Amino acid sequence: MDTFWIIFLIVFAVIIMAGIMFIMPGFIIYRVLLVRTKPEKWNRYYEGDSDDELTVIHKLGMQWGDKYDAYRTDVSIVSDGLKLVGQYFDFGGKNAVIIVPGRMEALYYSMHYTEPYRAAGLNVLVIDNRAHGNSEGKYNCVGFKEWADVLKWAEFLHDEKDNKKVVLHGICVGSATVLYAAINEKCPDYVAGIVVDGMYETFGESTANHFKERNKPLFPSLYLIMWRLKRKCGVNAAKVGPKTCINKMTKPILFLHGVKDEYSAPEKAQELYDKCPSEHKKLVWLKEGKHSRLRMHNEREYDVAVTEFVNNFAN
């Protein structure tokens, strides 16, 4: 074999190795973060250490559901060809709330956030987002397709369950989802307002903050994740998000944000609030708890803020 072919094979081997070392991790992380690769992934049950905060939230949620089991009914809709399921708690109210969880969470997690709404007289719907819990689906589109599912659920509550008004409450990715639903031209007037817990500017920014916390390089994995997400969901999540559409939000909105949030930076939340043109907006800062852990550490303050919002706009 002459020198040319030896050099060619060496260069080719280096390129292949570089691809394996630098490109494959991005695709693997994308599948871990945003693809339901087996039925038990992102199910309703979370089994971590007993003192893990996520475990505690799930247990508290399940206890709430058990306490009000007599009011609970399994419900379902079809959206985008997928059967989506949830549980509806009919407390005899005239209005309702939909709790929209974040990435990897299902309806037992959502139940942790329901009590202030029940106490305020609202009926409660907790849902398994597409590709989560017992709902169908494979891909998590971080709100860019799920917003339409939320409006389908709102229609279900209004048309089939006779609720006059519907509030949307989202946590993390769920907060972006309910924003996309509320600003869409298809959003009906009976959607009375939204509550957003830990809303980020873009999913790309939030993911980058996760990488930085773990001292992981952004290139090329983050960019490959965003590329795959765009291929599957049609939107560049590094550039498009709440920051590019908050200027369309005219319905009442309550921002709940933690001063210690490491993934959805507090200064970004302030910018979103400042850009929001709604005449009925409020930003409540909560002192304790990390991202998506606000209510368990600030229950009284959290619930008071929600109750005031509900009383003003959905009762």
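Read on for an overview of the structure. (Residues numbered from 1 in each chain as written. Predicted model: local features only at pLDDT ≥ 70, side-chain atom pairs only at ≥ 80, totals over all residues. Heavy atoms only, no water.)

What to know about the overall build of the protein chain
For the protein chain, the helix and strand inventory stands at 12 helices and 8 strands. In terms of overall size, the protein chain behaves like a compact globule, its C-alpha atoms giving a radius of gyration of 21 Å where 315 residues would be expected to give roughly 20 Å. Expressed as lengths along the three principal axes of its C-alpha atoms, the size of the protein chain is roughly 85 × 40 × 40 Å. Looking at the protein chain as a whole, 54% of its 315 residues qualify as buried. Of all intrachain contacts in the protein chain linking residues separated by at least 6 positions in sequence, the fraction that spans at least 24 positions is 74%. Looking at the protein chain as shown, the accessible area adds up to about 14,800 Å², and 54% of this sits on carbon and sulfur atoms. Positive and negative side-chain charges in the protein chain, numbering 41 and 39 respectively, have mean positions lying 4 Å apart. (Helix = DSSP H or I, 4+ residues; strand = E, 2+ residues; numbered from the N terminus. Rg over C-alpha atoms; globule rule 2.2 N^0.38 Å. Buried < 20%, exposed > 50% of the residue type's maximum accessible area, 1.4 Å probe, protein only. Contact = heavy atoms within 4.5 Å. Areas by Shrake-Rupley, 256 points an atom, 1.4 Å probe, with all protein chains shown as cover. Lys, Arg positive; Asp, Glu negative; His and termini not counted. Charge placed at Lys NZ, Arg CZ, Asp CG, Glu CD.)

Digging into empty space enclosed by the protein
Tallied over the full model, the rule gives 2 cavities of 30 Å³ or more. Its volume calculated, the largest cavity comes out at about 70 Å³. Surrounding the largest cavity, Val100, Pro101, Gly102, Arg103, Asn129, His132, Asn140, Gly143, Glu146, Val173, Gly174 and Thr177 form its lining. The leading source of residues in the lining of the largest cavity is helix α6 (residues 173-183), at 3 residues. A class-by-class count of the residues in the lining of the largest cavity yields 3 nonpolar, 7 polar and 2 charged. Looking at the second largest cavity, its volume works out to about 30 Å³. (1 Å grid on protein atoms, 1.4 Å probe; cavity = no way out; pocket = protein on both sides within 12 Å on 5 of 7 lines; lining within 4 Å. Points joined across faces, edges and corners; volume = space filled by probe spheres on them. Nonpolar A, V, L, I, M, F, W, Y, C, P; charged D, E, K, R; others polar.)

With respect to the sheet that holds strand β6 (residues 191-197)
Strands sit in the order β1-β2-β4-β3-β5-β6-β7-β8 across an open sheet of 8 strands; the sheet is mixed. Edge positions in the open sheet fall to β1 (72-79) and β8 (281-286), since each of these has one partner strand only. Direction aside, neighbouring strands of the sheet carry axes that sit 20 degrees apart on average. Most of the contacts of helix α5 (residues 146-159) go to β1, to which it runs at about 130 degrees, and overall it touches β1, β2 (82-89), β3 (95-100), β4 (123-127), β5 (165-171) and β6. In the packing of α6 onto the sheet, contacts are made with β3, β5 and β6, and the angle to β5 comes to roughly 145 degrees. (Pairing = 2+ DSSP bridges. Axes fitted to C-alpha atoms, helices over the stretch in contact; angles between N-to-C directions.)

That's the geometry; what it means functionally is another story.
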